[in-house]
Every structure is written in C-alpha cells, then in structure tokens.
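Each chain is listed here by its residues.
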Amino acid sequence: MADGNNLFQLEIITPDRVFYQGEAFMVEFTAEDGDIGVYKNHIPLTTVIAPGILNIKEAQGEKQAALHAGFAQILPEKVTILAEVAEWPDEIDKNRAEEAKKRAEERLQSHAAGIDVARAEAALKKALIRLNIGK
C-alpha cells in the first residue's frame, strides 16, 4: 500500500499543541467545498477546513480524529493543517458531546427570537462529529 516513495510530511497544529507530526500515505478531511483527499505530489492548495472527520493513512495503518475548522496548506511534499480543535477518539467525552447535541437541538427546535441559528447548527455538527468518531 504505502512505501517510502509515496509518503509525505503531515503536520496538524492546534492552538494548544502539535496534534500530529509524521509521514502519511494519504490524508482526508472536510473542506468548505467538500471532502478532499490528499496524496504525495498534490498540486499546491490552501483551503478552509470545515468540521468533519480526519482520516490519516500511514504506512502502519489508519487513524481517525475529529477536526473542527481551520486552514490547510497543501504542498507536493507536505501538508500543514492549522486547526481550531483536533481530537483523537479517546480524548472525546461522549457524555459532554451528547449534552451539547441535545442543547443545540433544543435551540434549533425552539424557534425563539434571538437564537443564533448558524451557531446552533455549527454546535450540533461538532457534537455529531464527536459522537460519530467516538464510537
């Protein structure tokens, strides 16, 4: 599947840590325009990341994480992701994510004046991603 000739450098940085640093065969994530998969020698691209599931395919296997907003710089030999939040499945508090999901759904269903619908929808999407990756 992956040999040394088709691996590229992948670095994922959040405000509080270097989340991932290593070599990957492929990385997939959600950009604002849709899902994107990146292999070595991809054309240079900078894109905005939307909340979604991050898939990293390494020579040793696959890893998944929750990725919430940010930017990605794609170069032929390196991909750098600057993310608002990135979480491995074992870092996700499922109870907290379930509570956040319920709060967001209640806000969206209430139709009360002054509800920031876009913010509630974003909170719901993040909670669903956390619950999905936490399985």
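This text goes with the structure placed above it.
The residue numbering used here restarts from 1 in each chain and proceeds along that chain's sequence as written. The model is predicted, so local features are restricted to residues of pLDDT at least 70 and side-chain atom pairs to those at 80 or more, both for listing and for counting; the totals for chains, interfaces and linings are taken over all residues. The side-chain values count all of the structure's non-hydrogen atoms but skip hydrogen atoms and water molecules.

A.B. asks: Report on the nonpolar core, specifying residues and quantitative values.
C.D. replies: Among the buried residues, those of types Ala, Val, Leu, Ile, Met, Phe, Trp, Tyr and Cys that are joined through side-chain atoms within 4.5 Å form a nonpolar core. Buried residues are those whose accessible area, probed at 1.4 Å on protein chains only, stays under 20% of the maximum for their type, while exposed residues exceed 50% and partly exposed ones sit between those limits. Counting residues in hydrophobic clusters, the biggest one holds 23 residues, and the most contacted among them are Leu10, Ile12, Val27, Phe29, Leu54, Ile56 and Ile81. Numbering of helices and strands runs from the N terminus; a helix is a DSSP stretch of H or I covering at least four residues, while a strand is a stretch of E covering at least two. Only strand E1 (8-14), strand E2 (17-24), strand E3 (26-31), strand E4 (34-39), strand E6 (52-58), strand E7 (61-74) and strand E8 (78-87) provide two or more residues apiece to this core. Look past the residues within four positions of phenylalanine 29 in its chain and what remains in contact with it is Gly34, Asp35, Ile36, Val38, Thr47, Ile49, Ile53, Leu54, Leu67, Ala72, Ile74 and Ile81. What makes two residues a contact is simply this: any of their non-hydrogen atoms within 4.5 Å.

A.B. asks: Requested: an account of the pattern of salt bridges, with residues and values cited.
C.D. replies: In the sections that follow, a salt bridge refers to a side-chain nitrogen of Lys or Arg positioned within 4 Å of a carboxyl oxygen of Asp or Glu. Evaluated as defined, the whole model comprises 6 salt bridges. Close ionic contact of glutamate 91 with arginine 17 constitutes a salt bridge, the shortest N to O distance being 2.8 Å. Taken together, the residues span a long stretch of sequence, with glutamate 91 in the loop between E8 and helix H1 (94-110) and arginine 17 in strand E2 at a distance of 74 residues. Accessibility expressed as a relative area gives 35% for glutamate 91, which makes it partly exposed. The salt bridge involving lysine 101 is made with glutamate 105; its shortest N-O contact spans 3.7 Å. With lysine 101 and glutamate 105 both in helix H1 and 4 residues apart, the pair spans about one turn of that helix. Its relative accessible area of 26% is what places glutamate 105 among the partly exposed residues.

A.B. asks: Can you break down the layout of surface pockets residue by residue, with the values?
C.D. replies: In this model, the largest pocket occupies a volume close to 290 Å³. Forming the boundary of the largest pocket are 13 residues, of which Arg96, Ala97, Ala100, Arg103 and Arg130 lie nearest the centre. Only H1 and helix H2 (117-133) provide two or more residues apiece to the lining of the largest pocket. If you tally residues by element for the lining of the largest pocket, the top one is H1, at 5 residues. The residue inventory of the lining of the largest pocket, partitioned by class, reads 5 nonpolar, no polar and 8 charged. Every definition here rests on a 1 Å grid over the protein atoms only: cavities are sets of points where a 1.4 Å probe fits but cannot get out, pockets are open sets enclosed by protein on both sides within 12 Å along at least five of seven lines, and lining residues have some atom within 4 Å of a point. Grid points are joined across faces, edges and corners, and a volume is the space filled by probe spheres set on the points. Residue polarity follows a fixed list, in which Ala, Val, Leu, Ile, Met, Phe, Trp, Tyr, Cys and Pro are nonpolar, Asp, Glu, Lys and Arg are charged, and the others, Gly among them, are polar.

A.B. asks: Could you give an account of the pairing of E1, with specific residues and numbers?
C.D. replies: Among the 7 residues that make up E1, 5 are buried, leaving the element largely enclosed by the rest of the structure. Here 7 bridges tie E1 to E2, and the two strands are oriented antiparallel to one another. By the bridge assignment, phenylalanine 8 is partnered in E2 with alanine 24. Two successive antiparallel strands, E1 and E2, enclose a turn made up of 2 residues. Note on pairing: DSSP must find at least two bridges between two strands before they are called paired. Bridge count between E1 and E8: 5 bridges; the pairing is parallel. Counterpart to leucine 10 in the pairing with E8 is valine 79.

A.B. asks: Hey, could you go over the pairing of E6 for me, with residue numbers and the actual values?
C.D. replies: Buried residues dominate E6, accounting for 6 of its 7 residues. Two strands pair when backbone bridges link them, and E3 and E6 are joined in this way by 3 bridges, in the antiparallel orientation. Residue pairing for E6: valine 27 is matched across the bridge by isoleucine 56. Counting the residues that bridge the hairpin from E6 to E7 gives 2 residues.

A.B. asks: Outline the environment of alanine 118, supporting the account with residue identities and numerical values.
C.D. replies: Tracing the sequence through the fold places alanine 118 in helix H2. Taking the C-alpha atoms as reference points, alanine 118 and leucine 108, separated by 10 residues in sequence, lie 9.5 Å from one another.

A.B. asks: How would you sum up the packing of aromatic side chains? Please name residues and give values.
C.D. replies: Centres within 6.5 Å are what make two rings of Phe, Tyr or Trp a pair, Trp counting through its six-membered ring; a difference in plane orientation under 30 degrees is then read as stacked, over 60 as edge-to-face, and the rest as tilted. Enumeration according to the criterion identifies 3 aromatic pairs in this entry. On the numbers, 4.3 Å between centres and 20° between planes, the contact of phenylalanine 19 with tryptophan 88 is stacked. Taken as a pair, phenylalanine 19 in strand E2 and tryptophan 88 in the loop between E8 and H1 lie far apart in primary sequence, 69 residues in all. Ring geometry for tyrosine 20 versus tryptophan 88: centroids 6.5 Å apart, planes at 65°, classification edge-to-face.

Keep in mind these numbers describe shape, not what the thing actually does.
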